[in-house]
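Fold and geometry: a report
Take a look at the letters that make up each chain.
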Amino acid sequence: MSKKLELLLDEYSESHRNSTNKLIHWICVPLIFWAIVALLYSIPNEVLIDLFGDYFFSNWAVLIMIPVFFYYLSLSVPVSIGMLLFISTCLYISELLLHCSCFPLWGIALIVFVLAWIGQFYGHKIEGKKPSFLKDIQFLLIGPAWLMHFIYKRIGVNF
């Protein structure tokens, strides 16, 4: 594990020690991440299609997730691989809901986003500590890496 990632995970962990808050984060962090991807996926992409053609990557969510992936890559190759799988899953779910739901994707994503943030703030109220991102915005991306770290530990992957 890179020293930078280790420091970020340690600092993130400081305000995530309460078991209820951790459980809430296991639910809400992935939901928030997906909701952001889905909201980006909902943005009309005619400009991108005009520029690149009608391909899968001609979507705002895909375009914005590229630098997100490279941020994770700068921290750890294994984390970036796990996050690439998670990002791909979020994109796939967004594509499915875009075409298979009777509700607009942006509406579903907005509801999930708001409810998940309510859960996050409730978890931090229980914890008695402010969310890490209020100190440093990059912690919005460290939350998913923090969860990935636990998954990797559980399956015996070192990073």
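See the structure above.
Scope of this entry: the structure provided in the associated data block. (Residues numbered from 1 in each chain as written. Predicted model: local features only at pLDDT ≥ 70, side-chain atom pairs only at ≥ 80, totals over all residues. Heavy atoms only, no water.)

Digging into helix α5 (residues 77–100)
Under the 1.5 Å per step criterion, the end-to-end length of α5 is 34 Å for 24 residues, consistent within 8% with the ideal 34 Å. Every buried residue belonging to α5 is among Val79, Ser80, Gly82, Met83, Ile87, Cys90, Leu91 and Ser94, and all of these are buried. Against α1 (3–14), α2 (19–42), α4 (60–75), α6 (105–127) and α7 (139–155) lie the buried residues of α5. One side-chain oxygen at the N-terminal end of α5 lies 3.2 Å from the backbone nitrogen of Val79; it belongs to Ser76. (Helix = DSSP H or I, 4+ residues; strand = E, 2+ residues; numbered from the N terminus. Expected span 1.5 Å × (residues − 1). Buried < 20%, exposed > 50% of the residue type's maximum accessible area, 1.4 Å probe, protein only. Contact = heavy atoms within 4.5 Å. Polar contact = N/O pair within 3.5 Å; in protein donor to acceptor, adjacent residues only side chain to side chain.)

Remarks on the layout of surface pockets
Empty space within the largest pocket amounts to approximately 320 Å³. In terms of lining, the largest pocket is formed by 23 residues, of which the most central are Ile32, Ile36, Trp117, Leu140 and Leu141. Of all elements in the fold, only α2, α4, α6 and α7 reach the threshold of two or more residues within the lining of the largest pocket. Broken down by element, the residue count for the lining of the largest pocket peaks at six residues, all from α2. Split into classes, the residues belonging to the lining of the largest pocket amount to 17 nonpolar, six polar and no charged. (1 Å grid on protein atoms, 1.4 Å probe; cavity = no way out; pocket = protein on both sides within 12 Å on 5 of 7 lines; lining within 4 Å. Points joined across faces, edges and corners; volume = space filled by probe spheres on them. Nonpolar A, V, L, I, M, F, W, Y, C, P; charged D, E, K, R; others polar.)

Some remarks on the environment of Ser94
If you trace the backbone, Ser94 turns up in helix α5. Sequence separation of Ser94 and Tyr41 is 53 residues, and the distance between their C-alpha atoms is 6.8 Å. Filtering out sequence-adjacent residues up to four positions away, Ser94 remains in contact with Trp34, Val37, Ala38, Tyr41 and Leu105. In this structure the side chain of Ser94 is engaged in a polar contact, spanning 3.2 Å, whose partner is the side chain of Trp34.

Some words on the side chain of His16
Assignment of secondary structure puts His16 in the loop between α1 and α2. A polar side-chain atom of His16 sits 3.0 Å from a polar atom in the side chain of His25. Here His16 is in contact with Asn21, Lys22, His25, His124, Glu127, Ser132 and Trp146, once residues within four sequence places are set aside.

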